[in-house]
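So you can see what is in the structure, the chains are spelled out below.
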Amino acid sequence: MTSDTRVILICSGKGGVGKTTLTANLGISLARKGSPTAVLDADFGLRNLDLLLGLENRIVYTAQEVLEETCRLDQALVKHKQEPNLSLLPAGNPRMLDWLKPEDMKKIVGMLSEQFQYVLIDCPAGVEDGFRNAVAASKEAIIVTNPEVSAVRDADRVIGLLNTNDIKPVQLVLNRVRPKMMESQEMLSIDDVTDILALPLLGLVLEDEQVIVSTNRGEPLTLIGSQSPAARCYSNIAGRLQGEEIPLIDPSQEGNGLGDKFRRLMQTKIF
Amino acid sequence: MAINYQNKKICFHKDLGKDWHREFEDLIIKKDERAIELDCGECKLNCYDIDYIKTLCIDKNIEIISLVSQNIKTIISASSLGLNTTLRLNKNINKNTAELAYSYKDIHNDKSTKFHKGTLRAGEVLETNNDLLVVGDVNPGAKVIAGGNIMIWGRLLGIAHAGSKGNTSASITALQLRPVQLRIAKKVARGPKEKPEEGFTEEALIEDDIIVIKPARTTK
Ligand SMILES: Nc1ncnc2c1ncn2[C@@H]1O[C@H](COP(=O)(O)OP(=O)(O)OP(=O)(O)O)[C@@H](O)[C@H]1O
Ligand SMILES: [Mg+2]
């Protein structure tokens, strides 16, 4: 698989915009569509991809031991029980940041590329060493941003850095879209964002309380087959990533259909 | 010894000292090579220093194949004098050099108009002593600085400073002028709040001591 493995960096610049959530949901969706997928936590400082996937308690070894050659790659990989096509390679402890070099990251990704069709790298926020290491090992990237001026500014900075590092293609995911606020122009519109960033839009993800609920349970929305708005968005993104033609949702039409109203009602009753 | 010969390269050491000019001359005479490579390490050499090296080598009929350095200033000096340069990044010493190298897209110093094609993104800085022509957008958070005029065949959404060396007759022209801030010579103005009408190229210049924006003139 090595050469046609897609190594995708999921990054943002600004913190807390939804990288880890996207990585987890995309990982599950791709795996569910039949592609062997590995997710790699490159955020050694504040790792939480394991948490989101509900795999925290199954970690024995990490990328650190693999690099130190005190364990084999397959010993460190944590296979997801319900979605066996998905494996997590956990980050080592935060002190790893002191010695980890771009070559180490390349080595790890190289090993993963032999077994997996997709390698998703959950990038730390910022543009420092952690980011640079992750960039060195990646071929393409997904920029996650929110419709906020500061998030867009940081995303723009990161896109500039990705361009100088020859990462291609770079695609955009706009997360936490609130149709009502966009309509009343309290939030940057989709056009405002794509206008500045000038990237192909891989997808939108609606603001959705269910994201928070699922995060706390360690079960990504895409895993439990949720029909909530964000869940649909995530699996659409996975589909587009694989080349399927799926039209973008129209935020102004969201939440108006009878079905949506009914679903909302159901959800408030259940949760 | 501040300068010596290693691996077929002339290497400059950290503490150069005052006498390095003579040392350098002695060394290249002794070595009697027709072409040399320079490794300037971390030394900060300005244009005069590089010019001295270059002139001496021309005198002695020696070709300078290339110059390697870890110091961005040295690289800028050398490339502005037309030498073939490579910036070597040393992780421990110069954490910020990569950043710098990336921000300072301009390293050439000749008199011609500086031309840049492509979008300038947040954090990028483009600087020249001459006129500047950008074909692409200047995004919020990006900055363009020119000793002369600035022309942007695209949108100006970031910061622009024309006449940076004090030329008050410099102007800033863009297909869409919506900067965060404008500067001409020492004057500073904040960008207009309201969106300009599409399709009118606009120009910012100093009139009666303040920066004004008006439809661009086609002749000067
Ligand atoms: N579409 C969404 N709707 C509602 N909440 C969301 C959405 N996407 C993300 N969140 C919430 O935002 C928070 C941050 O998300 P996440 O941890 O994925 O961001 P991150 O970019 O990985 O952050 P960091 O930079 O700290 O690694 C989480 O609490 C998550 O539940
Ligand atoms: Mg994260």
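Rules and cut-offs
- Residues numbered from 1 in each chain as written.
- Chains lettered and ligands numbered in written order.
- Predicted model: local features only at pLDDT ≥ 70, side-chain atom pairs only at ≥ 80, totals over all residues.
- Heavy atoms only, no water.
- Helix = DSSP H or I, 4+ residues; strand = E, 2+ residues; numbered from the N terminus.
- Buried < 20%, exposed > 50% of the residue type's maximum accessible area, 1.4 Å probe, protein only.
- Contact = heavy atoms within 4.5 Å.
- Areas by Shrake-Rupley, 256 points an atom, 1.4 Å probe, with all protein chains shown as cover.
- Rg over C-alpha atoms; globule rule 2.2 N^0.38 Å.
- Lys, Arg positive; Asp, Glu negative; His and termini not counted.
- Charge placed at Lys NZ, Arg CZ, Asp CG, Glu CD.
- pLDDT = per-residue confidence, 0-100.
- Pairing = 2+ DSSP bridges.
- Axes fitted to C-alpha atoms, helices over the stretch in contact; angles between N-to-C directions.
- Parallel < 35°, antiparallel > 145°, perpendicular 65-115°, else oblique.
- Left-handed = near helix turned anticlockwise from the far one by under 90°.
- Nonpolar A, V, L, I, M, F, W, Y, C, P; charged D, E, K, R; others polar.
- Core = buried A, V, L, I, M, F, W, Y, C linked by side-chain atoms within 4.5 Å.
- Buried area = accessible area lost by both parts, 1.4 Å probe.
- Salt bridge = Lys/Arg side-chain N within 4 Å of Asp/Glu carboxyl O.
- Near = heavy atom within 4 Å.
- Polar contact = N/O pair within 3.5 Å; in protein donor to acceptor, adjacent residues only side chain to side chain.

Of regular secondary structure, chain B possesses four helices and 16 strands. Every one of the 220 residues in chain B was classed for burial, and the buried ones make up 44%. Taking contacts inside chain B between residues at least 6 apart in sequence as the whole, the part at least 24 apart equals 32%. For chain B, the accessible area works out to roughly 12100 Å², and carbon and sulfur atoms hold 49% of it.

Below, the discussion takes up the overall build of chain A. Within chain A one finds 13 helices and eight strands. A compact globule built from 271 residues should have a C-alpha radius of gyration of about 18 Å, and chain A, at 18 Å, falls within 12% of that. Dimensions of chain A, computed from C-alpha atoms along their principal axes, come out at roughly 55 × 40 × 30 Å. For chain A, buried positions account for 55% of its 271 residues. In chain A, of all internal contacts separated by at least 6 residues, the share reaching a separation of at least 24 is 77%. Accessible surface computed for chain A: about 12100 Å², of which carbon and sulfur atoms make up 50%. Each charge class in chain A was averaged separately, 29 positive and 36 negative side chains, and the resulting centres sit 4 Å apart.

For the rest of this paragraph, the subject is the confidence of the model for chain B. Per-chain confidence: chain B averages 83 in pLDDT, with 85% of residues scoring 70 or above. Here residues 92-110 of chain B scores under 50 on pLDDT; set against residues more than four positions off or in separate chains, the count is 41 contacts.

This paragraph deals with the sheet that holds strand E11 (residues 159-162) of chain B. All names here are of chain B. The sheet built from five strands is open, its strands ordered E7-E9-E11-E13-E14 with mixed pairing. What marks the edges here is a single partner per strand, and that holds for strand E7 (125-128) and strand E14 (187-190). For this sheet, the mean inter-axis angle between neighbouring strands, taken without regard to orientation, is 10°.

Residue and element names in this part refer to chain B. The geometry of helix H1 (residues 20-31) relative to helix H2 (residues 47-59) is characterised by a closest axis approach of 11 Å and an angle of 25° between their N-to-C directions. The angle between H1 and H2 falls in the class roughly parallel. Remark: the crossing between H1 and H2 carries right-handed chirality. Of the residues in H2, those in contact with Trp20, His21, Arg22, Phe24, Glu25 and Ile28 of H1 are Asp49, Tyr52, Ile53, Leu56 and Cys57. In terms of residue class, the contact of H1 with H2 is made up of seven nonpolar, one polar and three charged.

Turning our attention to the nonpolar core. What tends to happen in soluble globular proteins is that the nonpolar side chains get buried as a cluster. Grouped together as the largest cluster of nonpolar side chains are 91 residues, with contacts concentrated most on Leu26, Leu112, Ile121, Ile143 and Leu162 of chain A. In this structure, isoleucine 143 of chain A is in contact with Cys11, Ala155, Val158, Ile159, Leu162, Val170, Gln171, Leu172, Val173 and Leu199 of chain A, ignoring residues within four places of it in sequence. Counting 24 residues, the second-largest nonpolar core is a separate cluster that includes Ile36, Leu45, Ile62 and Ile64 of chain B.

Okay, the interface of chain A and chain B next. Tallying the contact residues gives 17 residues for chain A and 13 residues for chain B. Of the roughly 1300 Å² buried between chain A and chain B, counting both surfaces, carbon and sulfur atoms make up 44%. The largest contributions to the chain A side of the interface with chain B come from Arg153, Arg157 and Ile196 of chain A, which together make up 38% of the buried area. At the boundary of chain A and chain B, one finds two salt bridges. With its nearest N and O atoms 2.5 Å apart, the salt bridge here joins aspartate 195 of chain A to arginine 155 of chain B. Broken down by secondary-structure element, the contributors of at least two residues to the side of chain A that touches chain B are helix H7 (129-137), helix H8 (149-164) and helix H10 (190-197) of chain A.

Another point: the site of ligand 1. All names here are of chain A. The local shell around ligand 1 holds 18 residues, among which Gly16, Lys19, Thr20, Thr21 and Asn175 are the closest. One of the backbone N or O atoms of glycine 18 is found 3.0 Å from an oxygen atom in ligand 1. Note that an oxygen atom of ligand 1 is positioned 2.6 Å from one of the side-chain N or O atoms of threonine 20. Calculation on ligand 1 without its partners gives an accessible area of 630 Å², and the protein chains cover 83% of this total. Listed by contribution, the elements that provide at least two residues to the shell around ligand 1 are helix H1 (19-32), strand E7 (170-177), strand E8 (201-206) and helix H11 (209-217).

A few words on the pattern of salt bridges. Residues and elements named next belong to chain A. By the definition in use, this model includes 17 salt bridges over all chains. Glutamate 207 is the partner of arginine 176 in a salt bridge, and the nearest nitrogen-oxygen pair spans 2.9 Å. With arginine 176 in strand E7 and glutamate 207 in the loop between E8 and H11, this residue pair connects regions lying 31 residues apart in the sequence. Since its relative accessible area comes to 34%, arginine 176 is described here as partly exposed. When its relative accessible area of 28% is taken as the criterion, glutamate 207 is described as partly exposed.

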